[in-house]
Structures are given as C-alpha cells and as structure tokens.
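Summary of structural features
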Amino acid sequence: MGLEESVLDELFHQYSPIIYRYIFFVTKCKEEAEDLTQEVFIKAYRGLAHYRGESSYKTWLYTIARNVIIDHYRKKRKTDCLIDLPLPDLDQQGPEVLLDRKEETQMLHRAIMELTFPYREIIILRKIKGYSTAETAKILGWAEGKVKVTLHRALHKLREMLNPHSRAC
C-alpha cells in the first residue's frame, strides 16, 4: 500500500461516518448517502496529490462532499426517500416524552428539508455540525460575512416555517 492509499485509508476510517451523516442529512436517503459518501472518498483519492494543507482534512472532505451533493442534484432532481430519523438519546424518559421528541425532531427536519439548498446547507454546517463561521466559509467558498448573513436569513425563514403565526412585521 502506497503513502496516498494509507493516508486515504486513515481519512476514510476517521471521517467517513461524519461525511455520511452530513450527506444523509442533506439527501434524506440512505442509499444516496452511501453512494455519495463513496464518491467523496474516490474524489479525495484522486485529489490527494493536489491537497495543499490550507485547511484541515475534515474541512477539505466536507468541501468535496458539498460539491458531490451539488453535482448529484444537478444530475437528478430531488427524490423522496423517507427514513425515520433516529431518536435522540434520552435516558430514563417515558414513552410520551420520547414520542414528543421524535415528532418535534421530525417536524424540524421536514422544515429544514423544505428550505432552499443554501439555507439548508448553512443550517446543517453551522447549527447541526457545529462548524465555526470561518470553517463554514472555507467549506462553502464564501466570505465569512456571507455565512453570517445567510445563516441569519435561514434561521429567520426556519422560524417562520415552524411558527407561521409569530411572523415579525
């Protein structure tokens, strides 16, 4: 095994679960997420020689994943592939609480999926994946100001969707 293959093998083992979850959250389809995750690492293998180290491997892989998702949606319009969201880990909670949380989570997820792609993407990266403004800007190829403004607008739109009766004037 060459140096590039061992580096990629290490990257795959370390980052494939989080790349898969990111892609799954965007596509909402297990099969697509698996296929696109593989495609990310194929592209990473092909591009490893050109990796300049200007960002972390994690940020680099998220950038590749974002581009793979965009390419995927360009080729094929969004399809519905509904899979239940996993329940949050709630220790010693009653079934009523678990059911309420699952319904809230599903309602939030449906609302996020109805957002335009840039809004959905910014919420996933900043609020769900927890990337900093700078990391998100690097992944998206945007200025940090654009990340902040887009996140503000996306959250405002999401609040409107979740609570249409509380729209601000």
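My aim in this report is to walk through the structure given alongside it, one point at a time. (Residues numbered from 1 in each chain as written. Predicted model: local features only at pLDDT ≥ 70, side-chain atom pairs only at ≥ 80, totals over all residues. Heavy atoms only, no water.)

This part covers the side chain of Arg-126. You can see Arg-126 is positioned in helix H5 (residues 117-128). Put simply, Arg-126 is tucked away with no salt bridge, and the nearest opposite charge, on Glu-135, sits 6.9 Å away. Setting aside residues no more than four positions away along its own chain, Arg-126 makes contact with Tyr-131, Ser-132, Thr-133, Thr-136, Val-147 and Leu-151. (Helix = DSSP H or I, 4+ residues; strand = E, 2+ residues; numbered from the N terminus. Buried < 20%, exposed > 50% of the residue type's maximum accessible area, 1.4 Å probe, protein only. Lys, Arg positive; Asp, Glu negative; His and termini not counted. Salt bridge = Lys/Arg side-chain N within 4 Å of Asp/Glu carboxyl O. Contact = heavy atoms within 4.5 Å.)

Turning to helix H6 (residues 133-140), its buried residues number three or more, namely Thr-133, Thr-136, Ala-137, Ile-139 and Leu-140. Axial view of H6: buried residues confined to an arc of 165°, hence all on one face. Considering only its buried residues, H6 is in contact with helix H3 (57-75), H5 and helix H7 (144-162). At the C-terminal side of H6, Gly-141 shows a positive phi close to 75°. (Arc of directions from axis to C-beta.)

Another aspect to go through is the packing of aromatic side chains. Per the counting criterion, the structure on display carries eight aromatic pairs. Their ring planes at 55° and their centres at 6.4 Å tell us that Tyr-73 and Phe-117 sit as a pair that is tilted. Linking Tyr-73 in helix H3 with Phe-117 in helix H5, this pair joins segments that are 44 residues apart in sequence. Given the relative accessible area of 21%, Phe-117 is considered partly exposed. Three or more aromatic residues link up through ring pairs in this structure, and these residues are Tyr-22, Tyr-62 and Tyr-131. Lying over the aromatic face of Trp-142, Lys-146 brings its terminal NZ or CZ to 4.5 Å of the ring centre. (Phe/Tyr/Trp six-rings, centres within 6.5 Å; stacked < 30°, edge-to-face > 60°. Lys NZ or Arg CZ within 6 Å of the ring centre and 35° of its normal.)

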